[in-house]
Amino acid sequence: QVQLVESGGRLVQAGDSLSLSCAASGRTLTNYPMGWFRQAPGTGREFVAAIYWSGRSTGYADSVKGRFTISSDNAKNTVYLQMNSLKPEDTAVYYCAADVSGTGWSRRDRLNWGQGTQVTVSS
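Residues numbered from 1 in each chain as written. Predicted model: local features only at pLDDT ≥ 70, side-chain atom pairs only at ≥ 80, totals over all residues. Heavy atoms only, no water.

So, the overall build of the protein chain
Counting its regular elements, the protein chain contains zero helices and 11 strands. In the protein chain, the succession of helices and strands from N to C terminus is β-β-β-β-β-β-β-β-β-β-β. By the compact-globule yardstick of 14 Å for 123 residues, the protein chain fits well, its C-alpha radius of gyration being 13 Å. For the protein chain, buried positions account for 37% of its 123 residues. Sequence separation of at least 24 residues holds for 56% of the intrachain contacts in the protein chain that already meet a minimum separation of 6. When the accessible surface of the protein chain is totalled, it reaches about 6,300 Å², and 45% of it is carbon and sulfur. Distance from the positive charge centre (12 side chains) to the negative charge centre (9 side chains) of the protein chain: 5 Å. (Helix = DSSP H or I, 4+ residues; strand = E, 2+ residues; numbered from the N terminus. Rg over C-alpha atoms; globule rule 2.2 N^0.38 Å. Buried < 20%, exposed > 50% of the residue type's maximum accessible area, 1.4 Å probe, protein only. Contact = heavy atoms within 4.5 Å. Areas by Shrake-Rupley, 256 points an atom, 1.4 Å probe, with all protein chains shown as cover. Lys, Arg positive; Asp, Glu negative; His and termini not counted. Charge placed at Lys NZ, Arg CZ, Asp CG, Glu CD.)

Description of the nonpolar core
Grouped together as the largest cluster of nonpolar side chains are 27 residues, with contacts concentrated most on Trp 36, Leu 81, Met 83 and Tyr 94. Every element with two or more residues in this core is listed here: β3 (18–25), β4 (34–39), β5 (46–52), β7 (68–73), β8 (78–83), β9 (92–98) and β11 (117–122). Counting five residues, the second-largest nonpolar core is a separate cluster that includes Phe 37, Ala 50, Trp 105 and Leu 111. (Core = buried A, V, L, I, M, F, W, Y, C linked by side-chain atoms within 4.5 Å.)

Some words on the packing of aromatic side chains
For the coordinates displayed, the defined rule picks out five aromatic pairs. Between Phe 37 and Trp 113 the ring centres are 5.1 Å apart and the planes differ by 70 degrees, which places this aromatic pair in the edge-to-face class. Of this pair, Phe 37 sits in strand β4 while Trp 113 sits in strand β10 (residues 112–113), and the two are 76 residues apart along the sequence. Feature note: the residues Phe 37, Phe 47, Tyr 95, Trp 105 and Trp 113 constitute an aromatic cluster, connected by ring pairs. (Phe/Tyr/Trp six-rings, centres within 6.5 Å; stacked < 30°, edge-to-face > 60°.)

Concerning the pairing of β8
Bridge count between β3 and β8: six bridges; the pairing is antiparallel. What sits directly across from Cys 22, in β8, is Val 79. Here β7 runs beside β8; their pairing, made up of six bridges, is antiparallel. Within β8, the residue paired with Asp 73 across the bridge is Thr 78. Between the antiparallel neighbours β7 and β8 lie four residues, among them Asn 77 with a positive phi of about 55 degrees. (Pairing = 2+ DSSP bridges.)

Right under this line is the structure:
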């Protein structure tokens, strides 16, 4: 099994920066695609960013492209999400996910999830 634990979420003001961490244990995270999702109150879980091939390939949702950066530290078995120029609409619980089964991001039930970390951006 892959166990994921997110950290770093807190209350910030619009325009601030924040870095989230996802620590993995049980198996080496670089064996799988890793991603960040978020869920705002009353909404579904939204794809944010993903990283593949030990950081050689990344992908982002249009809403965060140019502001957020996903990265990994293989030695620490940790994935990060650097968030800059935060907006109130970025407020959500942010979840780390691992596509252990190789099914793809659309099959949410097939992903390994962390428990989430709350990010709140005030206006």
